Amino acid sequence: MGEWIPRRQPSGTGERVLDREFFERPAPEVAPDLLGRVLAHGPVAVRLTEIEAYGPPGSDPASHTYRGRTPRNAVMFGPPGHLYVYFTYGMHYCANFVCLPEGLGSGVLLRAGEVVRGVEAARTRRHRPSTAAPLTGPGRTVTERDLARGPARLAVALGIGREHNGADCCAGGGPDGLRVLEGEPVDSASIRCGPRTGVSSAADTPWRFWIDGDPTVSPYRRHVPRTRPG
DNA sequence: CGTGCGATCCGCT
DNA sequence: GCGGATCGCACGT
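Residues numbered from 1 in each chain as written. Chains lettered and ligands numbered in written order. Predicted model: local features only at pLDDT ≥ 70, side-chain atom pairs only at ≥ 80, totals over all residues. Heavy atoms only, no water.

### Digging into the pattern of salt bridges
If you walk through the whole model with that rule in mind, you get 15 salt bridges. A salt bridge links Glu50 to Arg111; the nearest nitrogen and oxygen atoms lie 3.0 Å apart. Here Glu50 is found in strand E2 (residues 44–54), whereas its partner Arg111 is found in strand E5 (residues 106–117), with 61 residues between them in sequence. Both residues of the pair, Glu50 and Arg111, count as buried. It is possible to trace a salt-bridge network through shared partners that takes in Glu50, Glu52, Arg111 and Arg208. (Salt bridge = Lys/Arg side-chain N within 4 Å of Asp/Glu carboxyl O. Helix = DSSP H or I, 4+ residues; strand = E, 2+ residues; numbered from the N terminus. Buried < 20%, exposed > 50% of the residue type's maximum accessible area, 1.4 Å probe, protein only.)

### Regarding the packing of aromatic side chains
Considering all chains together, one arrives at four aromatic pairs under this definition. Over the aromatic face of Phe22 sits the side chain of Arg25, whose NZ or CZ is 4.8 Å from the ring centroid. Above the ring of Phe87, the side-chain terminus of Arg162 is found at 5.3 Å from the ring centroid. (Phe/Tyr/Trp six-rings, centres within 6.5 Å; stacked < 30°, edge-to-face > 60°. Lys NZ or Arg CZ within 6 Å of the ring centre and 35° of its normal.)

### Quick word on the side chain of Arg179
Note on placement: Arg179 falls in strand E6 (residues 179–181). Here the side chain of Arg179 touches Gly177 through a polar contact of 2.6 Å, landing on its backbone oxygen. Leaving out residues up to four positions away in the same chain, Arg179 has contacts with Val17, Val38, Leu39, Ala40, His41, Gly42, Arg117, Cys169, Gly172 and Gly174. (Polar contact = N/O pair within 3.5 Å; in protein donor to acceptor, adjacent residues only side chain to side chain. Contact = heavy atoms within 4.5 Å.)

### Let's talk about the side chain of Glu144
Along the polypeptide, Glu144 turns up in the loop between helix H2 (119–125) and helix H3 (151–157). Residue classification places Glu144 among the buried positions, given a relative accessible area of 19%. In terms of polar contacts, Glu144 uses its side chain to reach the side chain of Arg8, at 3.4 Å. Filtering out sequence-adjacent residues up to four positions away, Glu144 remains in contact with Pro6, Arg8, Val115, Val119 and Arg123.

### Comments concerning the pairing of strand E3 (residues 83–88)
Here E3 runs beside strand E4 (residues 92–99); their pairing, made up of six bridges, is antiparallel. Note on E4: the bridge partner recorded for Val85 is Ala95. Between E3 and E4, which pair antiparallel and follow one another directly, the connecting turn spans three residues, one of which, Tyr89, has a positive phi of 55°. (Pairing = 2+ DSSP bridges.)

### Here's the deal with the protein's contact with DNA strand B
Around DNA strand B lies a shell of ten residues, among which Arg67, Thr70, Tyr89, Gly90 and Met91 are the nearest. Expressed as a percentage, the sugar and phosphate content of the atoms of DNA strand B within 4 Å of the protein is 62%. A distance of 2.3 Å separates a phosphate oxygen of DNA strand B from a polar atom in the side chain of Thr70. Tyr89 has a polar backbone atom sitting 2.6 Å from a base oxygen of DNA strand B. For the surface near DNA strand B, the residue count by class is four nonpolar, two polar and four charged. (Near = heavy atom within 4 Å. Nonpolar A, V, L, I, M, F, W, Y, C, P; charged D, E, K, R; others polar.)

### Observations regarding the state of the cysteines
A complete count under the given rule lists zero disulfides for this structure. Just so you know, Cys99 is unpaired, no disulfide at all, and the nearest cysteine sulfur is the one on Cys170, 10 Å from it. With no disulfide partner, Cys170 has as its closest neighbouring cysteine sulfur the one in Cys169, 6.8 Å distant. (Disulfide = S-S within 2.5 Å.)

Written out as structure tokens, the structure is:
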């Protein structure tokens, strides 16, 4: 494989915000269509290279909505095109776009991307020496390709946290708000799919989509049950 | 490059 | 209580 040349700021075209109707479809249809699109927030913009789909209640054991509506997953039952942000493993945030019409509870997890704008701002967010669980320790550098390679890293790069749960990404959001841009859709010939990462059930459902050969796609990790110290 | 482990909070059973 | 849509680091190959 040839040398990787990082993309920069998406040129003029593709800056339009995606229509809400884009997300009013089943998650496994939305996910591949999102590859090559751009999520922007403040100074940082990320071109999406890897997306996972999660289905509505009862249909998908791996989905946070599988057992129905709860306070945590309520946003997933809301209008499409909004952000569902959840907290996991005691230290990480991950972001999804809500899919399907209101009331149905489905979404797509943003698993990885390439920082195409605000590389330095994104890198700065990786150094959090005062936090109990820094994503990067002091004195370490993060390569550009790793800045948004993985769902929790992507959330950090974009400055997404608890307060963005429910944010509407199709509403424009202003120059500093969260907004999902058209970007450049990826040719279907370069899209691959396979089992989802890190899920303990329905691991065989091939609802993880990525851009073939893109180095910012996260490494596949099988689910491993964890045991507790003590 | 692969495997193994610890960190650390929260929702749900 | 238990396990989780994860990650960085140490260590072996």
